[in-house]
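# Close look at the chain arrangement
Okay, here's what each chain looks like letter by letter:
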Amino acid sequence: MPKRQTTGSVVCFSCQKLVSIDQEKCPFCGQPHPGLWGYARPIRRLGADFGFIKIVSVGCIILYAITLLFDLPGVRSQGVMRLLAPSSYSLAIFGSTGSIPLFEWGRWWTVIGSGWLHGDLWHLCFNLVWLSFLSPMVAGGYGAGRLVSIYTVTTVTSSLVTSFVAQYWPSLPASFSGASFSVGASGGVFGLLGALVIYGQRSGRQQVLQQALILSIVSFVLSAFLGRVDNWGHLGGFIGGYLIGLMPGFNPNQPQRLYHLGIAVGALGVTLICVILSPIHGLLF
């Protein structure tokens, strides 16, 4: 349990101004409990994202290991770029999303849980590297609480877009079709890119805008010419990130508030339930 601070000063988690730890309201931005009841300093030691990327990284690695161990005979490797891939059966049990899980099996919770599963070792490593790179930038612009919400919401928009395209637009070429089954954090990754683009536009930070646009264009171009890539999922995540950045509560020119942290905690709770629900449903029903 982190040690609670009871004396001295602390940086307000909302406006980043120095305030006394015993102040009930920040004199600069009006945020109640600017020191988070004495836990702002130990929480801040976790990083700008308040430890979110550590949670995602550890969670994805654990789930990846579980999906491998669940069906060891089904683990496969297809060349250097597709190492240690869990079986399709294992991924389906633990929560892959797509048109079949959503529309045929009714497993609606997979739109969240699937973002924590991965199809092979490189898939896992690639997404975690991108998340580690983008998350501090998003946390710096929006705050840790809104970072969690952006990642969770764009995981959902990614899953929904690719599933609806696969279900209702099946005549598209294979490289541009939706996914019958889909896993991975890349929807959330592209969601962070979309959020950074709108952040650069609304805040006037041209350097951030240019960097986010270049990364987005390069990523979309590369994805279009790579096999086994869920392009519609990437687009759905990006659009979700851009649109959520237009919402009043996500205006980057306004500091995050206590309710953003509350929503983030709720989002993590819902995510945990969705991740647990998949194997329970898959094995019992």
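Summary of the structure given here.

About the criteria used
Residues numbered from 1 in each chain as written. Predicted model: local features only at pLDDT ≥ 70, side-chain atom pairs only at ≥ 80, totals over all residues. Heavy atoms only, no water. Helix = DSSP H or I, 4+ residues; strand = E, 2+ residues; numbered from the N terminus. Expected span 1.5 Å × (residues − 1). Buried < 20%, exposed > 50% of the residue type's maximum accessible area, 1.4 Å probe, protein only. Core = buried A, V, L, I, M, F, W, Y, C linked by side-chain atoms within 4.5 Å. Bend = angle between axes of the 7 residues up to and from the residue. Contact = heavy atoms within 4.5 Å. Polar contact = N/O pair within 3.5 Å; in protein donor to acceptor, adjacent residues only side chain to side chain. 1 Å grid on protein atoms, 1.4 Å probe; cavity = no way out; pocket = protein on both sides within 12 Å on 5 of 7 lines; lining within 4 Å. Points joined across faces, edges and corners; volume = space filled by probe spheres on them. Nonpolar A, V, L, I, M, F, W, Y, C, P; charged D, E, K, R; others polar. Axes fitted to C-alpha atoms, helices over the stretch in contact; angles between N-to-C directions. Left-handed = near helix turned anticlockwise from the far one by under 90°. Salt bridge = Lys/Arg side-chain N within 4 Å of Asp/Glu carboxyl O. Patch = residues over 30% accessible without salt bridge, like charges linked within 9 Å, V, L, I, M, F, W, Y side chains within 5 Å. Areas by Shrake-Rupley, 256 points an atom, 1.4 Å probe, with all protein chains shown as cover.

The next point concerns helix α8 (residues 186-203). Compared with an ideal rise of 1.5 Å per residue, which puts 18 residues at 26 Å, α8 spans 25 Å between its outermost C-alpha atoms and is within 8% of the ideal. α8 sits mainly inside the fold: 15 of its 18 residues count as buried. Of the residues one or two after α8, Gly-204 is the one with positive phi, at around 80°.

What follows covers the nonpolar core. By size, the foremost hydrophobic cluster in this structure holds 45 residues, and its most contacted members are Leu-131, Leu-134, Tyr-142 and Ile-150. Secondary-structure elements contributing two or more residues to this core are α2 (52-70), α3 (88-94), α6 (121-142), α7 (144-168), α8, α9 (206-224), α10 (231-244) and α11 (258-284). Here this core takes nine residues from α8, the largest share from any one element. Residues Val-10, Phe-13, Leu-36 and Leu-261 belong to the second largest nonpolar core, which totals 13 residues.

The end-to-end C-alpha separation of α6 is 31 Å, in line with the 32 Å expected for 22 residues at 1.5 Å each. The sharpest bend along α6 measures roughly 30° and falls at Leu-134, with the proline Pro-136 sitting one to four residues further on. Of the surrounding elements, those touching the buried residues of α6 are α2, α7, α8 and α9. The opening residue of α6 is Asp-120, an N-cap whose side-chain oxygen sits 3.0 Å from the backbone nitrogen of Trp-122. After α6 finishes, the residue Gly-143 shows a positive phi value of roughly 100°.

Examined against the element boundaries, Gln-254 turns out to sit in the loop between α10 and α11. When sequence neighbours within four positions are dropped, the list of residues in contact with Gln-254 reads Arg-146 and Pro-248.

Turning our eyes to something else, we now look at empty space enclosed by the protein. Here the idea is plain: a probe the size of a water molecule rolls over the atoms and shows the empty space left. Counting across every chain of the model gives one cavity of 30 Å³ or more. Considering only enclosed or pocket space, the largest cavity measures out at about 40 Å³ in volume. Residue assignment for the lining of the largest cavity shows that the elements contributing at least two residues are α7 and α11. When residues in the lining of the largest cavity are grouped by element, the largest group, three residues, is from α7. Within the lining of the largest cavity, the residues separate by chemical class into four nonpolar, three polar and no charged.

In this fold, Asp-71 is placed in the loop between α2 and α3. Apart from the residues lying within four places of it in its own chain, the contact partners of Asp-71 are Ser-87, Tyr-89 and Ser-90.

So, on to the packing of α8 against α10. Axis separation between α8 and α10 bottoms out at 6 Å; the angle between their running directions is 35°. When the axes of α8 and α10 are compared, the crossing they make is right-handed. Across the interface between the two elements, Ser-186, Gly-187, Phe-190, Gly-191, Leu-193, Gly-194, Ala-195, Val-197, Ile-198 and Gln-201 of α8 pack against Gly-233, His-234, Gly-237, Phe-238, Gly-241 and Tyr-242 of α10. The residue inventory of the contact of α8 with α10, partitioned by class, reads seven nonpolar, nine polar and no charged.

Moving on to the pattern of salt bridges. Under the counting rule described, the total for this entry stands at one salt bridge. With its nearest N and O atoms 3.0 Å apart, the salt bridge here joins Asp-120 to Arg-82. Of this pair, Asp-120 sits in the loop between α5 (110-113) and α6 while Arg-82 sits in the loop between α2 and α3, placing them 38 residues apart in sequence. In this structure, Asp-120 and Arg-82 share a single accessibility class: buried.

Here we come to a nonpolar patch on the surface. A cluster of nonpolar side chains, Phe-70, Tyr-89, Leu-272, Ile-276, Ile-280, Leu-283, Leu-284 and Phe-285, forms an exposed patch at the surface whose accessible area comes to about 880 Å². Per-element accounting of the nonpolar patch gives the leading share, five residues, to α11. Secondary-structure assignment places Phe-70 in helix α2. Overall, the relative accessible area of 32% leaves Phe-70 in the partly exposed class.

A few words now on unusual backbone geometry. Residues other than glycine seldom take positive phi values, yet Leu-36 does so here, at roughly 50°. Positionally, Leu-36 belongs in the loop between β2 (18-20) and α1 (40-44). The phi dihedral of Trp-37 is positive, around 60°, even though this residue is not glycine. Position of Trp-37 relative to the elements: it lies in the loop between β2 and α1. The partly exposed category is assigned to Trp-37, whose relative accessible area is 46%.

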